[in-house]
Amino acid sequence: AVVTSEVVETLASLLPFIENLSFPAASEFKQTLLFVIEAISQNAVLLANAKSAILGRLLPSLSDLLQTENGDVRFYCLKIFTDSLVFYLRDERHYDAAQPDHQSTKEINALIIQHLFSRYAKILEDEDPIPLYGLKLMSHIVECNPVFVAIVRQLKLVPLLFQFFELQHRNNNIHNVRLVRMIVESSEVEPEEVYNLGLVAKLNAVLAYAYENLVDSFYEPCLDIVSTALFKASESLKSSPRKDDILARNAGFTEGLECMCRCWTTSTRQSRRRA
């Protein structure tokens, strides 16, 4: 193969210097370098064959460039990082959350913790379309390994994700809705915390908008959020002395009941057609 692990390591070694190049064709060189690395991120065979060099050298170098002042470079590096990491996360041969001692699983977890998550607040508040790719990547990470919800919470990103979960917010997209669903489902986050962040009112508004505008990709995750919230509430009612508080927190769901039923009916019909 033309692209070997040694070639990947050479490319990675060039990345730290691309913002300080000053020779006449520096711009073209930088663009070509990123194009070559992007091509690698789109090739499953290369990603698999050069996995060690990509995880150990290339992706850490790309993550370092997420701090550069050049917005185009930040975006391009995050896109390449996202495409590459999602490939590994979604293939059990490379990532298995149930086996954290598996070599590449261990490398990926370390990469996420050491090189990515500490930069997430800046990623999510960056210029468009960088937050979109940040949310896409985070949703894949948390779906593949729900343990990461605890780290998302420790980094105080939960309030930010709920801030996005509003009709008018530019980052209110399917990736963020899925993240909200996984946060609500997680045992790492207390139900009171998500209710205090406005879960019920936000969900009613987002689901109503989704139904009125046929954004059917929102139906299932939003309905899952309702189902999980109500299930946890019913479990709490069995033992909590604060039953009135639990009922009051969930009473707002009744305002969106008609819309929920319509979305559920539509979602069920679509599932049957696909089957």
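As a reminder, the structure under discussion sits directly above these lines.
The residue numbers shown here count from 1 along each chain, following its written sequence. Predicted model: local features are reported for residues with pLDDT of at least 70 only, side-chain atom pairs are reported and counted for 80 or more only, and whole-chain, interface and lining totals are derived from all residues. Processing note: side-chain calculations cover all non-hydrogen atoms of the structure and skip hydrogens and water entirely.

**Student:** Tell me about the overall build of the chain, residues and numbers included.
**Tutor:** Numbering of helices and strands starts at the N terminus; helices are DSSP runs of H or I of at least 4 residues and strands are runs of E of at least 2. A count of helical and extended segments in the chain gives 16 helices and zero strands. The principal-axis extent of the C-alpha atoms belonging to the chain is close to 70 × 40 × 40 Å. Summarising the internal contacts of the chain: among those between residues at least 6 apart in sequence, 67% fall at separations of at least 24. Method for areas: the Shrake-Rupley scheme with a 1.4 Å probe, in which residue coverage is limited to the protein chains shown. For the chain, the exposed surface amounts to about 14200 Å²; the carbon and sulfur share of it is 52%. Between the averaged position of the 27 positive side-chain charges in the chain and that of its 34 negative side-chain charges there is a distance of 4 Å. Two residues form a contact once any of their heavy atoms are found within 4.5 Å. Counting rule applied: Lys, Arg positive; Asp, Glu negative; His and chain ends not counted. Taken as the charge centre is NZ of Lys, CZ of Arg, CG of Asp or CD of Glu, depending on the residue.

**Student:** How would you sum up the environment of Phe-148? Please name residues and give values.
**Tutor:** Relative to the assigned elements, Phe-148 resides in helix α9 (residues 148-154). Here the alpha-carbon distance between Phe-148 and Ile-113, two residues 35 residues apart in the chain, equals 9.2 Å. Once you skip the residues sitting within four places of it in the chain, Phe-148 turns out to touch Tyr-95, Asn-109, Ile-112, Ile-113, Phe-117, Ile-141 and Val-142.

**Student:** Would you mind going over the packing of helix α14 (residues 219-237) against helix α15 (residues 243-250) in detail, with residue names and values included?
**Tutor:** Axis definition: a line fitted to C-alpha atoms, limited for helices to the stretch in contact. Angles are taken between N-to-C directions and run from 0 to 180 degrees. It is at 10 Å that the axes of α14 and α15 come closest, and there the two elements cross at 165 degrees. Classified by the angle between their axes, α14 and α15 sit roughly antiparallel to one another. Pair α14 / α15 crosses with left-handed handedness. Together, Ala-229, Leu-230, Ala-233, Ser-236 and Leu-237 of α14 and Lys-243, Ile-246, Leu-247 and Asn-250 of α15 make up the contact between the two elements. All amino acids are sorted into three groups, where Ala, Val, Leu, Ile, Met, Phe, Trp, Tyr, Cys and Pro are nonpolar, Asp, Glu, Lys and Arg are charged, and the leftover types, Gly among them, are polar. Class assignment for the residues of the contact of α14 with α15 results in six nonpolar, two polar and one charged. Note on terminology: angles under 35 degrees are roughly parallel, angles over 145 are roughly antiparallel, angles of 65 to 115 are roughly perpendicular, and the others are oblique. Crossing chirality is assigned from the near helix's rotation relative to the far helix, an anticlockwise turn below a right angle marking it left-handed and a clockwise turn marking it right-handed.

**Student:** Help me get a handle on the packing of aromatic side chains, residues and values and all.
**Tutor:** By convention, a stacked pair of Phe, Tyr or Trp rings (six-membered ring in the case of Trp) has centres within 6.5 Å and planes under 30 degrees apart, an edge-to-face pair has planes over 60 apart, and any other such pair is tilted. Tallying each qualifying case throughout the model produces seven aromatic pairs. Taking 5.3 Å as the distance between ring centres and 70 degrees as the angle between the ring planes, the aromatic pair formed by Phe-87 and Tyr-88 counts as edge-to-face. Taking 5.6 Å as the distance between ring centres and 70 degrees as the angle between the ring planes, the aromatic pair formed by Phe-117 and Phe-148 counts as edge-to-face. Of this pair, Phe-117 sits in the loop between α6 (103-116) and α7 (120-124) while Phe-148 sits in helix α9, placing them 31 residues apart in sequence.

**Student:** Lay out helix α13 (residues 199-212) in plain terms, naming residues and giving numbers.
**Tutor:** To estimate how far a helix should reach, multiply one less than its number of residues by 1.5 Å. For α13, spanning 14 residues, the distance from its first C-alpha to its last is 20 Å, which sits close to the expected 20 Å at 1.5 Å a residue. Under the scheme applied here, a residue whose accessible area is under 20% of the maximum for its type counts as buried, over 50% as exposed, and between as partly exposed, the area being computed with a 1.4 Å probe on protein chains only. Looking at α13, one finds that the buried residues are Leu-199, Val-200, Lys-202, Leu-203, Asn-204, Val-206, Leu-207 and Ala-210. Turning to α13, the residues buried within the fold contact α10 (158-164), α11 (174-185), α12 (191-196), α14, α15 and α16 (257-274). Backbone geometry just downstream of α13 places Leu-214 in the positive-phi region, at approximately 60 degrees.

**Student:** Explain helix α1 (residues 5-14) to me, using residue names and the numbers behind them.
**Tutor:** Listed as buried for α1 are Val-8, Leu-11 and Ala-12. Here the buried residues of α1 occupy an arc of 100 degrees about the axis, which is enough to place them on one side. Check the buried side of α1 and you find it contacts α2 (26-41) and α4 (51-64). Note that the arc is computed from the directions linking the helix axis to the C-beta atoms.

**Student:** Give me the lowdown on the environment of Leu-199, citing residues and values where you can.
**Tutor:** Summarising the element assignment, Leu-199 is placed in helix α13. Separated by 37 residues in sequence, Leu-199 and Phe-162 place their C-alpha atoms 7.7 Å apart. Here Leu-199 is in contact with Phe-162, Val-180, Val-184, Val-194, Ile-225 and Ala-229, once residues within four sequence places are set aside.

**Student:** Any chance you could break down a nonpolar patch on the surface for me, citing the residues and the numbers?
**Tutor:** Here, patches come from residues exposed beyond 30% relative accessible area and free of salt bridges, joined within 9 Å for like charges and within 5 Å for nonpolar side chains (Val, Leu, Ile, Met, Phe, Trp, Tyr). Here, a salt bridge means any Lys or Arg side-chain nitrogen found within 4 Å of an Asp or Glu carboxyl oxygen. Taken together, the side chains of Leu-14, Phe-23 and Phe-29 make up a nonpolar region of the molecular surface, amounting to roughly 230 Å² of accessible area. Secondary-structure assignment places Phe-29 in helix α2. Judged by relative accessible area, Phe-29 falls into the partly exposed class, the value being 34%.

**Student:** Explain the side chain of Ser-84 to me, using residue names and the numbers behind them.
**Tutor:** Tracing the sequence through the fold places Ser-84 in helix α5 (residues 71-89). Ignoring anything within four residues of it in the chain, the contact list for Ser-84 reads Ser-41, Leu-47 and Leu-59.

**Student:** Quick one: what's the story with the packing of α13 against α14, residue by residue and with numbers?
**Tutor:** For the pair α13 and α14, interaxial distance at closest approach is 10 Å and the crossing angle is 150 degrees. Here α13 lies roughly antiparallel to α14, going by the angle between them. α14 is crossed by α13, and the crossing has left-handed handedness. Residues Leu-199, Leu-203, Val-206, Leu-207, Ala-210 and Tyr-211 of α13 form the contact with α14, whose own contacting residues are Tyr-219, Cys-222, Leu-223, Ile-225, Val-226 and Ala-229. Residue classes in the contact of α13 with α14 are distributed as twelve nonpolar, no polar and no charged.

**Student:** I'd like to hear about the environment of Asn-172, residue by residue, with values.
**Tutor:** Here Asn-172 lies in the loop between α10 and α11. On a C-alpha basis, the gap between Asn-172 and Val-149 in space is 19 Å, while along the polypeptide they are 23 residues apart. Among all residues touching Asn-172, those that are not within four sequence positions of it are Phe-164, Phe-165, Glu-166, Leu-167, Val-177, Val-206 and Phe-218. Of the polar contacts made by the side chain of Asn-172, one reaches the backbone oxygen of Glu-166; its length is 3.2 Å. Under the rule applied, a polar contact is a pair of N or O atoms within 3.5 Å (in protein, one hydrogen donor and one hydrogen acceptor; residues adjacent in sequence only if both atoms are side-chain atoms).

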